[in-house]
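Architecture at a glance
Each chain, written out:
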Amino acid sequence: MKEQIKHIPAAPGVYLYRDAEGVVLYVGKAKDLRKRVRQYFTGGQQQRTALFLPLIDNVETIIAGSEKEALLLENTLIKRYRPAFNVDMKDDKSYPCFRVTVHEDFPKLEITRKLAVDGSLYFGPFTDAGAARATLSWLERAFPLRRCRKPVPGGRGRQGRPCLDFQMGRCLGPCSEEVTRDEYGRIVDELVDFLKGNGKKVVSTLCKRMKQASGEMRYEEAARLRDRVAAIETVLEKQDVVGNPGEDIDVLGFAGSGDTGVLTCLFIRSGMLVGRSDTVVRGASAPAQALDAFLSKHYRETVPPPPVILCLEGVDFSHVHEELLSEMGGRKISIRKPTRGRGLRLVRLAAENASQALREMLSRERDARTIIEELQEVLKLKHPPARIECIDISHTAGRETYGATVVWEKGRLVKEHYRLYTIGSSDTGGDDFAALSEVIERRFTGTSSTLMPIPDLLLVDGGKGQLSRVVKTVDDYKVKHLQLAAISKGRSAKRSGVHTVTDEIYLPGRVNPLKIEKHSAAMHIMQMMRDEAHRFALSSHRKRRSKDDLLSRLDGIVGVGPTRRRALLTHFRSIEEIRIAPEEEIASLKGFNRSVARRIKESLQ
């Protein structure tokens, strides 16, 4: 390594440590590559660094034109190689934001989780999707903009006949020229003003217009303005003010224990605290490392950056982060370290939230370790079951069979790893054993096998017969190091319909069920996994059936092939919506005409 270091340039760039087999162990960036790489092999090292140093066989460097390019390249290479010793951040959520499509002639307000540089204005994020949808409902009453999905209004009806939203007072009717462009634009400006934190100013303006309309005996207009004011005030009442009106800030706090920590981000939008996110960080021994990784990942993948980001600790290349975030947000972004006043109080609040989240996480992990140890003991497993998957089969009277798998890992359900398998073989109708074999084959030999690790314990919803079939399939496909168990309702409960009998646990090679204390943590976690797999399978099955029923109702209509069915499913959510929709609305869809629309309406009557 000393010989390699001699030839490394003293320039900004990225370095990759590889082992003897060429696997990337770690990716880092540096202003001076030679100086940074040399530091790894001189003096004391952090615990995580000391783990991979003996594994390094060679170092590869890539020179970048600047620190900013090095930062971008590092992020790209970490995504590509997923090195085992880089800082690991667990926060896969995407948060909903409000989007106002101000680049359109008649803008609309909508919720989105995808950020794009399209000229729209974004407001958020909101950590509670339900609260965001409820707020959107009130905003649609307060600011009756169009909800058409097309860039240009008019696709939901012919000229002169607006859609049902107009009749309900939820839209101003730009598609049928019920409102002038100037009047529509004024309401868009009011909405943007409100979302920027000037809600009281908007209310005051509307109240003045309401009194003026009432004084001039335009009572219907005054009533509409009154309803809009009431809707805006309802939204304002639900928000907690912690900053100045119109102020958008993210406040970062960090709490760590060893090389594990939690980074909390408080979202303050328009002076109001709208939510927070907690990101679990592993491999960061200092707050600066955690903040550096967070800034490199979070704002590129989840939410738009606000104008100001507050943190207690400085981060490497902070000016480079500011430059990149400014380019992304289309405005100047500054990263500040407050030392007094309200800013300092906010970062201390974020740190307190991070400490509480860390305590909860460590407590949950301690409980998980206890459960894992108990499971290993009672099931007599060779390896601790840190990751458990459970399989359930769902079908309707032998048809439309689905297999579902759910995942529990170290104390939490990993819902992003849930999978639903459509059993397509004609000879598996109603045959749970054949369906289980197909799910096992696809889970451990198909795409899922490369995207997800093999579980430490595979739990089957069933008895001895189902478990025996799974054991045979696992052996046939040579799935190694997979421990198996099955959970089934007690035999007396099946005969009598009693629900208080203890569930039975079966193990491979054992004839009789295992005796486990019914109130033990091990039994509870297996029951929870079985119930979760059943819930996921049933809910997914219902959704698929609903979609299949919709497709079947459309199937057979002359002139409605796969392309038109797909267009109808995209535009409408149910058969009922298609049934009540005006014929002109269906005819206005791309690829449709009036005669096809008429046949669809007649077929669904």
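Residues numbered from 1 in each chain as written. Predicted model: local features only at pLDDT ≥ 70, side-chain atom pairs only at ≥ 80, totals over all residues. Heavy atoms only, no water.

**Things to note about the packing of aromatic side chains**
Applicable threshold: The aromatic pairing rule takes the rings of Phe, Tyr and Trp, using the six-membered ring of Trp, and pairs them if the centres are within 6.5 Å, calling planes under 30 degrees apart stacked, those over 60 edge-to-face and the rest tilted. Starting at the N terminus, helices and strands are each numbered in turn, a helix being any DSSP run of H or I of at least four residues and a strand any DSSP run of E of at least two. The criterion is that NZ of a Lys, or CZ of an Arg, lies within 6 Å of the ring centre and within 35 degrees of the ring normal, and then a charge sits over that ring.
For the coordinates displayed, the defined rule picks out twelve aromatic pairs. Here Tyr-15 and Tyr-40 contribute two aromatic rings whose centre-to-centre distance is 5.7 Å and whose plane-to-plane angle is 70°, an arrangement assigned as edge-to-face. Here Tyr-40 lies in the loop between α2 (33–39) and α3 (47–52) and Tyr-15 lies in strand β1 (residues 13–18), a separation of 25 residues in the sequence. Plain terms: the ring middles of Phe-106 and Tyr-184 are 5.1 Å apart, the flat faces sit at 80° to each other, and that makes the pair edge-to-face. In this pair, Phe-106 sits in the loop between β5 (97–100) and β6 (109–112) while Tyr-184 sits in helix α7 (residues 181–195), placing the two residues 78 residues apart along the sequence. Through pairs of rings, three or more aromatic residues link up here, namely Tyr-15, Tyr-17, Tyr-26, Tyr-40, Phe-41, Phe-52 and Phe-85. Above the face of the Tyr-81 ring, Arg-18 is positioned so that its terminal group lies 5.5 Å from the ring centre.

**Side note on the pattern of salt bridges**
So the rule is basically this: Each reported salt bridge corresponds to a side-chain nitrogen of Lys or Arg within 4 Å of a carboxyl oxygen of Asp or Glu. Burial classes follow relative accessibility: with a 1.4 Å probe on protein chains only, a residue under 20% of its type's maximum area counts as buried, one over 50% as exposed, and anything between as partly exposed.
What the rule picks out here adds up to 24 salt bridges. Between Arg-282 and Glu-365 there is a salt bridge; the shortest N-O distance is 2.4 Å. You can see Arg-282 sitting in strand β11 (residues 272–282) and its partner Glu-365 sitting in helix α12 (residues 341–378), a full 83 residues away along the chain. A relative accessible area of 18% places Glu-365 in the buried class. Residue Glu-409 pairs with Arg-387 through a salt bridge whose shortest N-O separation is 3.5 Å. A residue pair is termed long-range when its members are at least 10 positions apart, and Glu-409 in strand β15 (residues 399–409) and Arg-387 in strand β14 (residues 387–396) qualify at 22 residues. Salt bridges sharing partners connect three or more residues here, namely Glu-183, Arg-186, Glu-190 and Arg-209.

**What to know about α7**
Worth spelling out the cut-off: What a helix should span is 1.5 Å times the count of its residues minus one.
Between its terminal C-alpha atoms α7 stretches 21 Å, which fits the 21 Å expected from 15 residues at 1.5 Å a residue. Following α7 by one or two positions, Gly-197 adopts a phi angle in the positive range, close to 105°.

**Things to note about unusual backbone geometry**
Positive phi is not limited to glycine here, since Lys-380 has a value of about 55°. You can see Lys-380 is positioned in the loop between α12 and β14. Residue Lys-380 is classed as exposed on the basis of its relative accessible area, which comes to 63%. Here the phi dihedral of His-481 falls at roughly 60°; this positive angle occurs in a residue that is not glycine. Of note, His-481 is situated in the loop between α15 (464–476) and β19 (483–488).

**So, the nonpolar core**
The criterion, for reference: Put simply, buried Ala, Val, Leu, Ile, Met, Phe, Trp, Tyr and Cys residues joined by side-chain atoms within 4.5 Å make one nonpolar core. Note on definitions: a residue-residue contact is assigned when non-hydrogen atoms from the two residues lie within 4.5 Å.
Membership of the largest hydrophobic core comes to 29 residues, with the highest contact counts inside it found for Leu-375, Leu-379, Trp-408, Ile-505 and Met-526. For this core, the secondary-structure elements that each account for two or more residues are α12, β14, β15, β18 (457–461), β19 and α17 (521–554). Broken down by element, the residue count for this core peaks at eight residues, all from α17. Ignoring anything within four residues of it in the chain, the contact list for Met-526 reads Leu-375, Leu-379, Leu-459, Ile-487, Ile-505 and Ile-516. With 28 residues, the next largest nonpolar core counts Phe-123, Leu-145, Ile-187 and Leu-195 among its residues.

**A short note on the sheet that holds β6**
The condition that has to hold: In this scheme, strands are said to pair when DSSP sees at least two bridges between them. Only the stretch in contact is used when a helix axis is fitted, and all axes are lines through C-alpha atoms; the angle between N-to-C directions ranges over 0 to 180 degrees.
Across the sheet, which stays open at both edges, the three strands sit in the order β6-β5-β7 with antiparallel pairing between neighbours. Looking at which strands have only one partner, the edges of the open sheet turn out to be β6 and β7 (121–123). When strand polarity is set aside, the average angle formed by the axes of neighbouring strands in this sheet is 30°. In terms of strand pairing, β5 meets β7 through three bridges, oriented antiparallel. Paired with Arg-99 across the bridge in β7 is Tyr-122. Lying on the sheet, α7 is in contact with β5, β6 and β7; it crosses β5 at an angle near 150°.

**With respect to the sheet that holds β1**
As summarised here, the arrangement of the three strands in space is β2-β1-β3, forming an open sheet in which the pairing is antiparallel. Whereas interior strands pair on both sides, the edge strands pair on one side only; in this sheet they are β2 (24–30) and β3 (58–63). Sheet twist, expressed as the mean angle between neighbouring strand axes with direction ignored, is 20°. Where β1 meets β3, six bridges bridge the pair, whose relative direction is antiparallel. Bridge pairing in β3 places Tyr-17 opposite Val-59.

**Concerning the packing of α7 against helix α8 (residues 199–215)**
Our working rule: Put simply, a crossing is left-handed when the front helix is turned counterclockwise from the back one by less than a right angle, and right-handed when it is turned clockwise.
Across the interface, α7 lies against α8 with an axial gap of 7 Å and an inter-helix angle of 145°. Relative to α8, α7 is oriented so that their crossing is left-handed. Residues Glu-183, Arg-186, Glu-190, Asp-193 and Phe-194 of α7 form the contact with α8, whose participating residues are Gly-199, Lys-201, Val-202, Leu-206 and Arg-209.

**As for the environment of Tyr-418**
Rules: Pairs of N or O atoms are called polar contacts if they sit within 3.5 Å, as long as, within protein, a hydrogen donor faces a hydrogen acceptor (for residues adjacent in sequence, only side-chain-to-side-chain pairs).
Of note, Tyr-418 is situated in the loop between β16 (412–413) and β17 (419–422). Among the residues examined, Tyr-418 registers a relative accessible area of 8% and is labelled buried. In this structure the C-alpha to C-alpha distance between Tyr-418 and Phe-536, which are 118 residues apart in sequence, comes to 8.5 Å. Ignoring any residue separated from it by four or fewer positions in sequence, one finds Tyr-418 in contact with Thr-405, Val-406, Val-407, Leu-413, Glu-532, Arg-535 and Phe-536. A polar contact of 2.8 Å, which involves the side chain of Tyr-418, links it to the side chain of Glu-532.

**Some remarks on the packing of helix α13 (residues 432–445) against α15**
Contact geometry for α13 and α15: axes closest at 9 Å, N-to-C directions at 35°. Here the hand of the crossing between α13 and α15 comes out right-handed. Two secondary-structure elements touch here, α13 through Phe-433, Ala-434, Leu-436, Ser-437, Ile-440 and Glu-441 and α15 through Gly-465, Gln-466, Arg-469, Val-470, Thr-473 and Val-474.

**Let's talk about helix α18 (residues 562–571)**
We apply this condition: Directions are taken from the helix axis to each C-beta atom, and the arc is the one they span.
When α18 is considered as a whole, its buried residues turn out to be Arg-565, Leu-568 and His-571. Each buried residue of α18 lies within a common arc of 135° when the element is viewed along its axis, so the set occupies one face. Opposite the packed face of α18, turned more than 90 degrees from it, sit the exposed residues Pro-562, Thr-563, Arg-566 and Thr-570.

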